[in-house]
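Each chain, written out:
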Amino acid sequence: MFYFKTKRQSFIVVLDVKMDQTLRCVLGFFLLNLIPHGLAQGNRPRVTTTSNWPETFWTETLTLRCEIEGGGDSEWTFGWRRDRTSSSDKYTTDNKYIISQATDSDNGDYECIGRRGSPNSTFTPWSEPFKLTVTPRTPKAELRADSTSIPAGGAVTLTCDVNPPSSGWTYILYRGDHPGTQDDGKNFNGRFSVSKGGVYRCRGVRGEPVYYTYYSDSVTINIILSNRAVVTLQPHWTEIHSGEKITLRCEIEGGDDSEWEYEWETTSSDRSVKQSESFEISATSYSEGEYKCKGKHKTEVLSSTPWSTPITLTVSEQKPKAELKADVTDIPVGGYVTLTCDVSSSSGWQYYFWYRADKSSNPSSINEFSSAGQKRVSKEGLYWCRGARGNPVYYTEDSNTIQLKENTRRPKAELRADRTSIPAGGAVTLTCDVNPPSSGWTYILFRGDHPGTQDDGKNFNGRISVSKGGVYWCRGERGEPVYYTEYSDSVTINIILSDRAVVTLQPHWTEIHSGEKITLRCEIEGGDDSEWEYEWETTSSDRSVRQSESFEITATSYSEGEYKCKGKHKTEVLSSTPWSTPITLTVSEQKPKPELKADVTDIPVGGYVTLTCDVSSSSGWQYYFWYRADKSSNPSSINEFSSAGQKRVSKEGLYWCRGARGNPVYYTEDSNTIQLKENTVANKAVVTLHPNWSEIYYKESITLRCEIQDGDDAEWEYEWKTSNSFKPPKEKEYSIGPADTSHSGNYSCKGRKKSDQSPTGWSDPITLTVLSSSPQPVLTVSPLWLSPGDSVTLNCEVKHPSAGWRFYWYEAIPKLSDNSYNYQLLSGSRNGTEKYSFIVNGQTHTAGYVCRAGRGEMNTPYSEPKFVWSGDLPSSASLTVSPERVQHFTSDSVSLECKGNSTQWRVKFQEDSFLADCSLWDKMTGSTCTIDRHISRNNVYWCESGSGEFSNAVNITKQKSDIILVSPVHPVTEGSSVSLSCRLRSSDIVSNVFFYQNNKLIQNDTRKELNISAVSKSDEGFYKCQTSGRESSQSWMSVTVVSRLGNPSYLLILMIVGLICGVVLIILLLLLYRCRQSKDSCLIRSIQSESTNQDSATNPAAQHHEYSPPLQGDACHYESIKGPEDTAHDANHSQSQDVTYSLIELKNIGKKGKKPEPDSTIYSDVRLETEDTSVLYSQVSCHNPGKAKKNKGKPTPAITEESVYSEVKPDQ
């Protein structure tokens, strides 16, 4: 027995091996059976489903389909197997395999096989397995709503899907209490908009036969009506007390009570809330909280109002207690007291008052209740009150008690004034009231020394304005018969006159010394002495002050303080000046000592020294000077006193001084002494600076040198004097470095001979200033906008530009990583320049520059970057604008886009001198800057790339005006067309438009655009437009001139001319060669003039050339002219010289209607320096016979000829 297995089939062959022949027969039979049972090559089956979803649910029907790839129209039968464990021998012509009511027992891998042909069948391989997994439950639909309430006139969106999520479903929407009762069977794709209220459900369906999900849970949609619910309270108190009753009502605005049902919600714990229009609660702590309601329409199911605004109830468990107050507790004679009862914690109360005359009497009610809470009482006794409100009435606890007593003393009036002095032309306000306070009074005002003597009986209501000076009283009155108070105390009102009092001093020193005498005087400006009396006030303790016009004091420590005065008019009682401005005296108990100073102590030869004597603590001194020649001599006075405190002296000796002032004279102590010596050295010291900068900067170095003029060869010692804290060494040079601000000051020096110690005078001081920070250079560039071929001039300004500075110049390279720039030295600037200006030649594109200065070891900071801009668009980096114009309204959004060889960009702009970044002021997205802020702009914008390149620059303006000019933002190329127009912000243009160039009107008509068909350089300039009385701002239009060498048509012409010339030259060379071979060819006529005698050889006039012009026509003619041989040359050469002139005429037949080009003639001179030398001139004439344009009324210009001569000298 043999077992044989192919890839898809197994065969068992039983062989009888008794004989070899039998074996061979069996093998042959076996091979014959293999042929009809072969595999179908290239046909592969594939299992698919008729549905488009990958999952299968419990009891769902699934149809599998077997598809043969490349099966063509052949008739196939199909077999199926699951999990490779079972195979059916049954083949069907239907390629479908249906699984009905799927369960988990149907899970597995399904394969199919195809067979065709009979009886000799061909089989496909088994397909790849299709895995079937049945979800062991029926899915359920899920319904959601974006809102469960539909506003009046609105709708909500319902969304239905299946859980667990799966695909291929459509959905059915149901409305009603149960599916099928209302709006049954609305099919939709998962989202549905509904405008009716109701209970909604949904379920999903898919497949054939149809498979249903479970119903979703219900979703209730309510209709929110436009009516409004309002909660009201009766009584209308939100603060209530435990035990009070209150009714809450739900009122529906716009609907009567019969249409509504009511629903209440509360945050309280009160169980008495009813779902009705109103309900009553008896307040407890459980009642505290918020209450709100809504109305449900009786006929429209699930239609209701919105919830009302909640009202909050506050319940106090403690019964409130009223508070009783009285304005006074003493009842004035004939008067009354006002009692006030109040419950401050809540509202709506009415008040009841009681009193009893004494402790043994019964309480009595006072009239009826008071809603205002106030009562006037005039009886003595004990009073209390309580509050009541509501129905049934709710009472507070009794208030506190107040004991009132009748006052048997008559009240007294009280008079007050807002001030006691009336300014000139002014008035004061008097106020009269009664003490103790009580009401019902009117008042009488009296003026005079006693009541009733003057202005008796002025009645007023408590406030009155008076403009007269005097003594005033008042009293109050009330009742019938009239009851009077006692008179008030008096108030004196003074009149302040316009005259002015001034305190003067004689002498006029405010700083005086103990023992000095001084007179104080009160002067009245505008009045003589006989009209006035005087009054003084002082803060000092001096008892010598007199109430007179003036008085004298001898200064002591008690005299120190302020003094002021005023004048009282003798005839006008109670009239006086204002107080004078106080003057302050300062008294020093110590006698002052002056200070004596000398500008130098060595008197120069033939010169002098200035002495200065000063008492710094006070003024008014005169000074006396003394000196004596030596210790044994008597002191001598120097001339008279000096009020300036200075004396010039030229004698050697000891000097001192003292001050004196006043009458009698008051002397200071003697000053310090100064010894002066005469100087016998005439040399002069001078301080010099190295380098010679009087202003240096922090950390710089400088050397000060003391130089002795005419110092001969003597050896010197040196001494320095400074105004700062530094003490230079006693050397000739003093070096400072690194310097700081403390080195600032005056420096002077002097020399002293080592031999005899004789000194020079001090040098004139030199001032050195050390600045705390290095200077900031300021860079300016010119021009700001580049034109082709422009040079850029850089100027670097720094303080004191001539003080040793060198200037360094840099190009700014954009550095996007930190929004800054790298700086690269410009060529020629490595060692700096002495000049503060620098020229950059050949700059063609936008660029940034900075500068810095340096001297010694110090360099300034870099200047701020400055830019020159080019409007031309380079290929490596460019900036485009949308909308593509210069002017924009503030409401416009403007986009600036950077393009070029980089992926990183930033947009910079300059406004005045301010440099900014788009990302900080506007919005930068990728390579685009968007300007949408509604503010005015007038800026220059450009792009900077991450690779360090600058784009072209553009000028952008955003304006608040109602009109703009639409003009190109980029330069216009010469020869191209351009259109300019006017635009209004909010309306169309209906009237004529005026266009101006450089403020000159160039167009005014109904055309709304200015069109220039071929722009030239003359069109460059400022443009603006005007319409309907409004005028735009002007904008510059730049024109780029195109070089002719860069014009492709011009280059083509040059190439054609060059080619023609080359061809002509080759022809000439060929003709020359032929002519030299055969003298009589090419229509050449030779004329040779010979001279046979010596005279003709020596006579230059006898030598001649004959030239025959070319014949007219289309052909080219050549004429050879021979001249006589040079006699000297004849001696050595027997050959003659030939001169050949050649003319070639080229006719260019142009197109009809084109303007003919002018004729040009080219001469070529060829000198062949050989034994037989010939000179060849070649003339080329190019004629264009095309017809010229007809110009009516204009003469046709003459055709010009251009001749080009070329001379060729071949080497020998």
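Because the structure is predicted, anything quoted here is derived from the model rather than measured. (Residues numbered from 1 in each chain as written. Predicted model: local features only at pLDDT ≥ 70, side-chain atom pairs only at ≥ 80, totals over all residues. Heavy atoms only, no water.)

Novice: For the overall build of the protein chain, give the residues involved together with the corresponding values.
Specialist: Regarding its fold elements, the protein chain presents five helices and 103 strands. In the protein chain, which comprises 1212 residues, the proportion classed as buried is 40%. In the protein chain, 60% of the contacts between residues at least 6 apart in sequence involve partners at least 24 apart. Surface accessibility of the protein chain: about 68200 Å² in total, with carbon and sulfur atoms responsible for 47%. (Helix = DSSP H or I, 4+ residues; strand = E, 2+ residues; numbered from the N terminus. Buried < 20%, exposed > 50% of the residue type's maximum accessible area, 1.4 Å probe, protein only. Contact = heavy atoms within 4.5 Å. Areas by Shrake-Rupley, 256 points an atom, 1.4 Å probe, with all protein chains shown as cover.)

Novice: If you had to explain the pairing of strand E26 (residues 278-282) to someone new, which residues and values would you point to?
Specialist: The alternating pattern of E26 places Phe279 and Ile281 on a buried face, while none of Ser278, Glu280 and Ser282, on the opposite face, is buried. Judged from the five bridges that link them, strand E24 (residues 245-253) and E26 form a sheet pairing that is antiparallel. Counterpart to Arg249 in the pairing with E26 is Ser278. (Pairing = 2+ DSSP bridges.)

Novice: So what's going on with the environment of Ser927? Residues and values would help.
Specialist: Positionally, Ser927 belongs in the loop between strand E85 (923-925) and strand E86 (928-931). Judged by its relative accessible area of 22%, Ser927 is partly exposed. A C-alpha to C-alpha distance of 5.3 Å links Ser927 and Cys898, two positions 29 residues apart in sequence. Discounting residues that sit within four places of it in the chain, Ser927 has contacts with Leu896, Glu897, Cys898 and Trp905.

Novice: Tell me what's going on with the pairing of strand E62 (residues 653-661), and back it up with residues and numbers.
Specialist: Burial analysis of E62 places seven of its nine residues in the buried class, which makes it a mostly covered element. As paired strands, strand E59 (residues 622-628) and E62 are joined by seven bridges and run antiparallel to one another. Bridge pairing in E62 links Tyr627 to Tyr655. In the sheet, E62 pairs with strand E64 (residues 674-678) via three bridges, with the strands oriented antiparallel.

Novice: Residue-level account of the state of the cysteines, with values.
Specialist: With the rule as written, the count across this model stands at 12 disulfides. The disulfide bridge from Cys66 ends at Cys112, spanning 2.0 Å between sulfur atoms. Its S-S torsion of approximately 70 degrees makes the covalent link between Cys66 and Cys112 right-handed. Taken together, the positions of Cys66 in strand E5 (residues 62-69) and Cys112 in strand E9 (residues 108-116) put the pair 46 residues apart, joining distant regions of the chain. Like Cys66, the residue Cys112 is buried in the burial classification. (Disulfide = S-S within 2.5 Å.)

Novice: I'd like a description of the sheet that holds strand E61 (residues 646-649), backed by residues and values.
Specialist: Reading across the sheet, the three strands line up as E56-E58-E61 and stay open at both edges, with antiparallel pairing between neighbours. Strands with a single pairing partner mark the edges of an open sheet, and in this sheet they are strand E56 (595-598) and E61. This sheet shows a mean twist of 20 degrees between the axes of neighbouring strands, independent of strand direction. In this structure, E56 lies alongside strand E58 (residues 609-614), joined through four bridges in antiparallel fashion. Paired with Lys597 across the strands is Thr612, a residue of E58. (Axes fitted to C-alpha atoms, helices over the stretch in contact; angles between N-to-C directions.)

Novice: Go over the side chain of Asp1019, please, and point to the residues and values.
Specialist: The residue Asp1019 is located in the loop between strand E94 (1009-1012) and strand E95 (1021-1027) in this model. For the buried Asp1019, no salt bridge is present, and the opposite-charge side chain at shortest range is Lys1017, 11 Å distant. There is a polar contact of 2.9 Å between the side chain of Asp1019 and the backbone nitrogen of Ser1016. If sequence neighbours within four positions are ignored, Asp1019 has contacts with Gln997, Ile1012, Ala1014, Met1037 and Val1039. (Lys, Arg positive; Asp, Glu negative; His and termini not counted. Salt bridge = Lys/Arg side-chain N within 4 Å of Asp/Glu carboxyl O. Polar contact = N/O pair within 3.5 Å; in protein donor to acceptor, adjacent residues only side chain to side chain.)

Novice: A description of the packing of aromatic side chains should follow, citing residues and the corresponding values.
Specialist: The final tally for this structure, using the stated rule, is 32 aromatic pairs. Between the aromatic rings of Tyr171 and Phe188, the centroid separation amounts to 6.1 Å while the plane-to-plane angle is 40 degrees, which identifies the pairing as tilted. A residue pair is termed long-range when its members are at least 10 positions apart, and Tyr171 in strand E16 (residues 170-175) and Phe188 in strand E17 (residues 186-188) qualify at 17 residues. Comparing Tyr171 with Phe188 shows no difference in burial state: the two are buried. One aromatic cluster in this structure is built from Trp785, Tyr821, Phe867, Trp869, Trp942 and Phe950. The lysine or arginine in question, Lys1024, covers the ring of Tyr996, its NZ or CZ lying 5.5 Å from the ring centre. (Phe/Tyr/Trp six-rings, centres within 6.5 Å; stacked < 30°, edge-to-face > 60°. Lys NZ or Arg CZ within 6 Å of the ring centre and 35° of its normal.)

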